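Listed here are the chains, written in short residue letters.
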Amino acid sequence: TKCESGCVCADGLYENLDGRCVPAEECPCEYGGLAYGKGEQIQTECEICTCTKGKWKCVQKSKCSSTCNLYGEGHITTFDGQRFVFDGNCEYILAMDGCSVNRPISSFKIVTENVICGKSGVTCSRSISIYLGNLTFVLRDETFTVSGENPGVRYNVKNNVLHLMFDVIIPGKYNMTLIWNKHMNFFIKISRETQETICGLCGNYNGNMKDDFQTRSKYVASNELEFVNSWKENPLCGDVYFVVDPCSKNPYRKAWAEKTCSIINSQVFSPCHNKVNRMPYYEACVRDSCGCDIGGDCECMCDAIAVYAMACLEKGICIDWRTPEFCRKFR
């Protein structure tokens, strides 16, 4: 509607983020609010993408991995990215293979045991059992035990201040990295060489989050509680019928929880905000901080923040968020 003074690039040239006119070959690419120059690459778990003429050209990796997260008081993100929360005082199968009717033989099974950690009934993942044929790892009380043996499985254990990490190779089938923070958080990263069906609370790992609530009976449950109850390791455990909102049970803790968890929304984590959606992690942090009301409340809060920090790290963003005054590690 009106003329505005200014400059335009000559034919065949394009303005880059610095305001200079460049040929198409020099155009940058954008991802997560950041600019990447010609030839720069970003990687996801399944693709390698290269910046070419202002657009991303992506190539599928030969081996694609995916991660299932179990953290805090029953928060799960499945291999396909579905999120849900459950409170159950029982043992549950997180992931296993041999789920198909035609091949019911399992080469691995990972089980979590939940215990009550709050007056409102919320639970925390405290014990993890990893079954690899006759070889068993049990992760409990900040340490682990090994029993039995399986010559067909190769494994390596790394122990540092923050984590216990298991690299497990089942030749011809799976490469797994299992990371436990010695408390409430557990991560299962799987790269598979077979299309063997996987099942459990971590979902069926088929690339479609909409059918992740597949029960042990092979049908898709109408809600997550029906799904969770189907994966009880011990059928004598009571079913879960509702999910507790700890902040409603403990409203006096909500203000403290929101204040301490706000570090996720702060400048400290700002380099990651455009790479990983922070809101599910902030909400999980507030929920857990309200719920841990029998001691260990700060540890619950720190564990929840650590999950967001790890999600940022997987995107190549390292956040130095711990201080001597905030979530200090004493071990």
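The rules we used
- Residues numbered from 1 in each chain as written.
- Predicted model: local features only at pLDDT ≥ 70, side-chain atom pairs only at ≥ 80, totals over all residues.
- Heavy atoms only, no water.
- Disulfide = S-S within 2.5 Å.
- Helix = DSSP H or I, 4+ residues; strand = E, 2+ residues; numbered from the N terminus.
- Buried < 20%, exposed > 50% of the residue type's maximum accessible area, 1.4 Å probe, protein only.
- Axes fitted to C-alpha atoms, helices over the stretch in contact; angles between N-to-C directions.
- Parallel < 35°, antiparallel > 145°, perpendicular 65-115°, else oblique.
- Left-handed = near helix turned anticlockwise from the far one by under 90°.
- Contact = heavy atoms within 4.5 Å.
- Nonpolar A, V, L, I, M, F, W, Y, C, P; charged D, E, K, R; others polar.
- Phe/Tyr/Trp six-rings, centres within 6.5 Å; stacked < 30°, edge-to-face > 60°.
- Lys NZ or Arg CZ within 6 Å of the ring centre and 35° of its normal.
- Arc of directions from axis to C-beta.
- 1 Å grid on protein atoms, 1.4 Å probe; cavity = no way out; pocket = protein on both sides within 12 Å on 5 of 7 lines; lining within 4 Å.
- Points joined across faces, edges and corners; volume = space filled by probe spheres on them.
- Domains from an automatic or database assignment.
- Pairing = 2+ DSSP bridges.
- pLDDT = per-residue confidence, 0-100.

- Looking at an unreviewed UniProt entry, one finds the chain named MUC6 protein and attributed to Podargus strigoides.

**Structural notes on the state of the cysteines**
Then comes step 1: For the coordinates displayed, the defined rule picks out 10 disulfides.
Then comes step 2: Across the disulfide from Cys247 sits Cys290; the S-S distance is 2.1 Å. Handedness of the Cys247-Cys290 disulfide follows from its S-S torsion of about 90°: it is right-handed. Highlighted residues: Cys247 in helix 2 (residues 246-249) and Cys290 in helix 5 (residues 279-291), separated in sequence by 43 residues.
Then comes step 3: By relative accessible area, which is 10% here, Cys247 ends up buried.
Then comes step 4: Taking relative accessible area as the criterion, Cys290 reaches 0% and is therefore assigned buried.
Then comes step 5: Disulfide partner of Cys272: Cys312, at an S-S distance of 2.0 Å. Sign of the S-S torsion, about -100° for the bond between Cys272 and Cys312, identifies this disulfide as left-handed. A residue pair is termed long-range when its members are at least 10 positions apart, and Cys272 in helix 4 (residues 270-273) and Cys312 in helix 6 (residues 297-314) qualify at 40 residues. The two residues Cys272 and Cys312 agree in class, both being buried.
Then comes step 6: Cysteine Cys7 is unpaired, with the sulfur of Cys21 as its nearest cysteine sulfur at 8.1 Å.

**Considering the packing of helix 3 (residues 254-261) against helix 5**
Then comes step 1: Where helix 3 contacts helix 5, the two axes come as close as 8 Å, and the packing angle between them is 140°. With respect to helix 5, the axis of helix 3 lies oblique. Remark: the crossing between helix 3 and helix 5 carries right-handed chirality. Between helix 3 and helix 5, the residues in contact are Lys254, Trp256, Ala257, Glu258 and Cys261 and Tyr282, Cys285, Val286, Ser289 and Cys290, respectively.
Then comes step 2: Residue composition of the contact of helix 3 with helix 5, by class: 7 nonpolar, 1 polar and 2 charged.

**Comments concerning the packing of aromatic side chains**
Then comes step 1: With the rule as written, the count across this model stands at 16 aromatic pairs.
Then comes step 2: Relative to Trp56, the ring of Tyr36 lies with its centre 5.5 Å away and its plane at 65°, an arrangement referred to as edge-to-face. Placement of Tyr36 in strand 4 (residues 34-36) and of Trp56 in strand 7 (residues 55-60) is noted, with a sequence separation of 20 residues between them.
Then comes step 3: Using a relative accessible area of 12% as the deciding quantity, one classes Tyr36 as buried.
Then comes step 4: On the basis of relative accessibility, which here comes to 22%, the residue Trp56 falls in the partly exposed class.
Then comes step 5: Here the aromatic rings of Phe213 and Phe227 are separated by 5.0 Å at their centres, their planes lie at 35°, and the arrangement is tilted. Here Phe213, found in the loop between strand 20 (198-199) and helix 1 (224-230), pairs with Phe227, found in helix 1; they are 14 residues apart in sequence, far enough to count as distant. Each of the two residues, Phe213 as well as Phe227, counts as buried.
Then comes step 6: Chaining the aromatic ring pairs together yields one cluster made of Tyr71, Phe269, Tyr281, Tyr308, Trp321 and Phe326.
Then comes step 7: Lying across the ring of Tyr131, Lys109 places its NZ or CZ 5.6 Å from the centre.

**Remarks on helix 3**
Then comes step 1: Taken together, the buried positions of helix 3 are Ala257, Thr260 and Cys261. Relative to the axis of helix 3, the buried residues are bounded by an arc of 95° and lie together on one face. Opposite the packed face of helix 3, turned more than 90 degrees from it, sit the exposed residues Ala255 and Lys259.

**Observations regarding the layout of surface pockets**
Then comes step 1: Computed from the structure, the second largest pocket encloses a volume of approximately 350 Å³.
Then comes step 2: Looking at the lining of the second largest pocket, you find at least three residues from each of domain 2 (65-230) and domain 3 (246-315).

**Concerning the pairing of strand 14 (residues 135-140)**
Then comes step 1: Where strand 14 meets strand 15 (residues 143-147), 5 bridges bridge the pair, whose relative direction is antiparallel. Across the sheet, residue Phe137 finds its bridge partner in strand 15, namely Val146.
Then comes step 2: From the end of strand 14 to the start of strand 15, which pair antiparallel, there are 2 residues, and Asp141 there has a positive phi angle of about 55°.

**Some words on the environment of Glu299**
Then comes step 1: For Glu299, the position within the fold is in helix 6.
Then comes step 2: On the basis of relative accessibility, which here comes to 33%, the residue Glu299 falls in the partly exposed class.
Then comes step 3: Glu299 sits 11 residues away from Asp288 along the chain, and the two C-alpha atoms are 9.8 Å apart.

**What to know about the confidence of the model for the chain**
Then comes step 1: For the chain, the average pLDDT comes to 85, and 92% of its residues sit at 70 or higher.
Then comes step 2: Ranking the elements of the chain by mean pLDDT puts strand 4 last, at 78, and strand 17 (residues 164-170) first, at 95.

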